[in-house]
Each structure stands twice: as C-alpha cells, then as structure tokens.
Amino acid sequence: MQDWKDKYASYIDKQQSSPPEPKPASGSRLTGKLKTDLPELQARLGENGDLVVRAFLLFGAYPAAMLFFTSLVNMEQVREHVLKPLMAPPPGQPEVPKDKGGMIQYIWSTAVQVTQGTTTADLSALPQAAVKGELILLIDGVPEALRMEMRQIEMRGVEQPQTEQVIRGPREGYVEKLENNLSLLRYRLQSTDFRIEISPLGERTQSRVALCYIDSVTDSALVAEVMRRISLIHTDGILDAGYIEQFIEDQPLSPFPQVQSTERPDKTVAALLEGRVAILVDGSPFALIVPALFNQFFQTVDDYTERFIMGSLIRIIRLIALASSLFFPALYVSVISYNPELLPTDFAVAISGGRAGVPFPAVLEVLIMEVSMEVLREATIRLPQMIGGALSIVGVLVIGQAAVGAGLASPITVVIVALTTIGSFATPAYNAAIALRMLRFPLILLAGMFGLYGVMIGTILILNHLLFLESFGVPYMSPYIPGKWRDLKDTLVRVPLWWMRRRPSFLHARDTDRLPRSVPAAEIDQILRQGDETDE
C-alpha cells in the first residue's frame, strides 16, 4: 500500500513539474560509451515495472548491460542461453578477441544460443525493438548493439473453434499468436508456392499483419489490390482482424459483410486453394478471406466433408432457414393485416381466435416479440455460460407462455417468432446472420404499411443492393449473376468433388485447374467439360 502511495506522489510531482523535454529526433547513433548510451536508452523507454537493465562484466572483463522486458521474454531462457555464457564462457571456446570491434561477431558465433538476431548502431531503433520482445546487449567501447529475438508469450492451446463447430472435420482453430496460426497453415499447405508477407501495422500497437496467398494460383492483381488497401490504413492501433476488415471493405455502409472471417485453418486453406487471399493479425484468432461473396457465408466445412448428396441436402435446408428468417415475419404481418383470404378458412379463424385478446395490431405485436428476442439473445451471449443458460430458459418462459397468458401476444405470433429465430441460428456466419436480422425489421414495417406490396418492394430493394455490391472487384452475387455453369456447381447444391475440376472463374486464378486433365473422367464429366469450354 505504501509503495503505491509513493508512486502516486512521485507521479503527481512529475506531472506538476516542468513539461518533459521533447524526445530527440530519430536517427541518433550509439556512441559506444555505456555510461552515455544506456541512460539515453532508459530515458526513451521511460519508467516501466517490467523493464530490466542488467549490468555485468562480459567474460569477466568488459562492462556490458542487457535490457529487456520481463513480460515479453522467458527469464529462464535469458539466464541459461544468454546471461550465463556471456558472463563465463564455457571452456574450450576460442579465445576472446582483445579487439572490441570483433566482439559482437564472437558473441554471436560462439557464446549466445539464440536463433535470430541482428546488430544496429541506430539508438532510436532500440526502444521499438525492446517493446517487441527483443533483448538488447550494449558493450562498453562497441558502438553497436546486439538485438536478440527472445519473445515468448504464453497463449492458450489449439482448440475447437467456438463459432464454427462441425460434425465431421478438423477440431483445430486459430489462437492469438500469429506464429501458431501460420504454422497451422503451413502444416496443411506444404507447398513452396505458399507466400506469407508480414509487416507491422498501427502507429502505436505495431501489430504484425500477415498476408497469405499461393503465388502460382492467386491473381497477382488481387494480391496487389489487397496490399494497396492495407497500405492505406493509418491508425494508431490494430487490436483485431476486425479493425482491418472495416478499413478495406468496399461498401462500409452496407449491412452485408464483404470480407469473410473464419477461425478455421482448413477453411482458410480451402480459400487459398481457390485463389483467394487471407489476412491474419497477431493477437487475433480470426483470419480474413477476400474476396468474399454472398454464397460463401452460407457454406460450412460439413458441406465438403460429407458426401455430396448429404452436403447438398444440408445446404438446401440451410438456405430455406435463411429465407424463413428474413421473410417469415413480414409475410405473416402482411397476410394477417391485408390478405387473410390467402389462408384456409379454418386456419384464419383459428388465428383470429388466438389474437382476440391482443390489444396491438399484428405489426406492432411482431415487432415487440422480435425486439424481445433480440434483447434476450444479446443478453445470453454477453453473460457467462452458466448464467446465460439460466437466463435463456427464463426468457423463453417469459416471452412464450407468460406473454401469451398476459395477452401481449398471440400463440401463432410466438410460433412465427420462434421459427424465425431458429432459422437465423442456422446461418453459419455470425455477421451474415446479423445482416439478415437487421433487414427483417424494415421488411416488417413495409409489410405493416403496404402488405404484400411492401414485402415485394423491400425484396426488390435488397436484391438491387446485393447486385450493386462488389468485393475486391468481384460482383457480390457471383456466380449467380453473371451466371456461369462451371461456377454454379458449388452454390445451391454441391456436385461431387471430381466434377469441380476448375477453380472459380471470377477469381481469375493463374492455375485454373484443380484436377489434372489426365485424371480419368466419367462420360458425364466429359459432357460437362465440353459445356465449360463452350461457356468460355
């Protein structure tokens, strides 16, 4: 307690004293004098509780000092592989050079056991290296510093992705550490054409961003466009891949996502093999895939790991759920309010009987129920799992039975809202599901004002918006519009894998063939190939 009081008093005194002097301009050089360089470096790093400055006698004779952050390095490795051999080199090593000009090379080649390192004479570059997890070694009389890569941060292990679970497929997902995520990609994509470009992004966070693609497959124009958009990002911090997504997407005001995010390495590799580009950020368990089209957000890994008949059936069921989650409430409101004659007489009478005690019109009743479900869903997601489960049970009882008993909603409305909510859960991509949830409300309002005409107008506006969208130069509704037979093989249904011999044409891949042409094909495949060549 007393220590914190002292820190507080010291901090207040420092703030009330004269303003700090501006930092010297970048480009200053090391002088080679330890008494001068070390205080200057400490001053640039400021006061930090995890900053360690260890002065010692190099090989028992030369004054030297190490500087590093304990929160970024493994202390045991520093002690065993750096500090210990530097203070007392093991017997049998070459004699220590008396000329300090060769001291850095001697240390690197005979003493320290570190895989990556470099030297620099630029003093202004050392603070940035230290905060990235490098160990800085200064030697009195040597106008250069040795930078050693010692970064080690504890991370959680590879686990099954929480947002993209599958029945049949790999159980591994990305973690926060960039190296682990890249190793998962390398493990699955053991090709010499696999390229990874890594550069820092963010003025203050300096987050490492990796751009991944297959050189012999991906269109070079697409890679250049992704690099261009990333290079235009000027912000102080990139804390997650979602930050980059908001900077590089084509239409930020559209509710539909134009960049696909995934936690799955296998899904990323599949996208790379099609000719797409992936972006990973250090500290984020998500990868971004571009370009992303409307069709992608409703496909899962299970579509491809199962046989094509089952995969196609599941995909069709998913699309039906998608359509019901978007249009079901609006159609219900329009039919109940304007066109009850479209329903069978007995059913219409039953609905009227159920709504007899409800004081609200159908549109207001549905809106109240939808808003209640959205609030319940958001609260359930934000709460801890144990509390969220209990809240969902209580919420279902309140919104269901209690609302009907209190006369706030009719039983048929509860059924409609429940089916709509279940249908929205069937959408694999969370951001795409949110877009549909957003559009459901204006459709309900249009249905309440204009009936089926309103639903039709809303649908036309949504389709026009989708046709207007692009993702990195590719029409968002591809391959439906413009339609091409060979690209339609993996849309509403999925044909067998051996029929999908070509990569999607709208990606303009360098290597268009997935399967070599020498693979024996069935007669029907020959017919399909002729159809592809005719289309081209």
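Since the structure is predicted, the reported quantities are computational estimates derived from the model, not experimental observations.

Glancing now at the packing of aromatic side chains. Across all of its chains, the model carries five aromatic pairs by this definition. Their ring planes at 65° and their centres at 6.2 Å tell us that Phe294 and Tyr476 sit as a pair that is edge-to-face. Note that Phe294 is positioned in the loop between strand S10 (287–290) and helix H10 (302–305) and Tyr476 in the loop between strand S12 (474–475) and helix H18 (523–535), a separation of 182 residues in sequence. Here Phe294 and Tyr476 have matching classes, each one buried. Between Arg229 and the ring centre of Phe472, over which it is positioned, the NZ or CZ distance is 4.0 Å.

Spatial ordering of the open sheet is given by S1-S2-S4-S5-S3, a layout of five strands whose pairing is antiparallel. The sheet is open, and its two edges are formed by strand S1 (51–58) and strand S3 (117–120), each paired on a single side. When the angles between neighbouring strand axes are averaged without regard to direction, this sheet yields 20°. Of the pairings in the sheet, the one linking strand S2 (residues 62–69) to strand S4 (residues 134–139) comprises four bridges and is antiparallel in character. Of the residues in S4, the one forming a bridge with Ala64 is Ile139.

Overall, antiparallel pairing links the five strands, which are arranged S6-S7-S9-S10-S8 in an open sheet. The open sheet has two edge strands with one neighbour each: strand S6 (194–201) and strand S8 (260–262). Taken over all neighbouring pairs, the strand axes of this sheet differ in orientation by 25° on average, direction set aside. As paired elements, strand S7 (residues 207–214) and strand S9 (residues 277–281) share four bridges and run antiparallel to each other. Within S9, the position partnered with Ala210 by the bridge is Leu280.

Cut-off values and rules
Residues numbered from 1 in each chain as written. Predicted model: local features only at pLDDT ≥ 70, side-chain atom pairs only at ≥ 80, totals over all residues. Heavy atoms only, no water. Phe/Tyr/Trp six-rings, centres within 6.5 Å; stacked < 30°, edge-to-face > 60°. Helix = DSSP H or I, 4+ residues; strand = E, 2+ residues; numbered from the N terminus. Buried < 20%, exposed > 50% of the residue type's maximum accessible area, 1.4 Å probe, protein only. Lys NZ or Arg CZ within 6 Å of the ring centre and 35° of its normal. Pairing = 2+ DSSP bridges. Axes fitted to C-alpha atoms, helices over the stretch in contact; angles between N-to-C directions.

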